[in-house]
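# A look at the structure
Residue-level listing of the chains:
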Amino acid sequence: MPYRIHPVRPVDSEDWQRLRNLLWDDEEDGHEYEIERYFLGKLIEPNEVLIARTPDGRAVGHIELSVRRNLRRLPGRNTGYVEGLYIEPAHRHRGLVVMLLRAGERWARERGCSAFASDREERLIVHRRFGRAV
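Cut-off values and rules
- Residues numbered from 1 in each chain as written.
- Predicted model: local features only at pLDDT ≥ 70, side-chain atom pairs only at ≥ 80, totals over all residues.
- Heavy atoms only, no water.
- Helix = DSSP H or I, 4+ residues; strand = E, 2+ residues; numbered from the N terminus.
- Buried < 20%, exposed > 50% of the residue type's maximum accessible area, 1.4 Å probe, protein only.
- Contact = heavy atoms within 4.5 Å.
- Phe/Tyr/Trp six-rings, centres within 6.5 Å; stacked < 30°, edge-to-face > 60°.
- Arc of directions from axis to C-beta.

### Here we look at the side chain of aspartate 12
Here aspartate 12 is to be found in the loop between strand S1 (4-7) and helix H1 (13-23). Using a relative accessible area of 1% as the deciding quantity, one classes aspartate 12 as buried. Ignoring sequence-local partners within four residues, the contact set of aspartate 12 consists of His6, Pro7 and Arg53.

Now the structure itself:
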């Protein structure tokens, strides 16, 4: 299934909130406050959010990205950082995660990042081939 990936816009707020709630269900306000602040330019991170849609327009995944500086294992380097990533279960194992990560890599490169990383359970995961042709 082909997917369309685009930067989140205010019209996408409900879809983004639904996807965030599926990923992180511990927010009392359902992420509404953070989403509002993001569109006002008052949220420190994420710096960018990309939404994945099916051909019929349904939002089925998203990736939240930031530029981090001086991560413990990457001192002195601007690093594109995956703050959050979620894909609805019915759309997993179809290549969408790779599409979202590749879009995130492009975004990071456009911002001058020399590394791309994320974490999982307090471990930093660094994309070793980020600076090289893939």
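From this point, the discussion proceeds with the structure in view.
### Considerations on the packing of aromatic side chains
As enumerated under the stated definition, the model contains three aromatic pairs in all. Plain terms: the ring middles of tryptophan 16 and tyrosine 38 are 5.0 Å apart, the flat faces sit at 75° to each other, and that makes the pair edge-to-face. Here tryptophan 16, found in helix H1, pairs with tyrosine 38, found in helix H2 (residues 32-39); they are 22 residues apart in sequence, far enough to count as distant. As far as the burial class goes, tryptophan 16 and tyrosine 38 line up, both buried. Ring geometry for tyrosine 38 against phenylalanine 39: centres 5.2 Å apart, planes inclined by 80°, an arrangement best described as edge-to-face. Among the residues examined, tyrosine 38 registers a relative accessible area of 14% and is labelled buried. By the ring-pair criterion, three or more aromatic residues cluster together here, those being Trp16, Tyr38 and Phe39.

### Some details on unusual backbone geometry
In most cases, non-glycine residues show a negative phi, while peptide bonds are predominantly trans. Each neighbour pair has its own omega, and for glutamate 45 with proline 46 the value is 5°, a cis peptide bond. The residue proline 46 is located in the loop between H2 and strand S2 (48-53) in this model. Its identity as a non-glycine residue notwithstanding, asparagine 70 has a phi of 60°, on the positive side. Inspection of the secondary structure puts asparagine 70 in strand S3 (residues 59-71). Of note, histidine 93 is a non-glycine position whose phi angle comes to about 65°, a positive value.

### Some details on H1
Those residues of H1 that sit buried are Trp16, Leu19 and Arg20. Buried residues of H1, seen end-on, are gathered within an arc of 100° and therefore sit on one face of the element. In this structure, the buried residues of H1 make contact with H2, S2, S3 and strand S4 (74-87).

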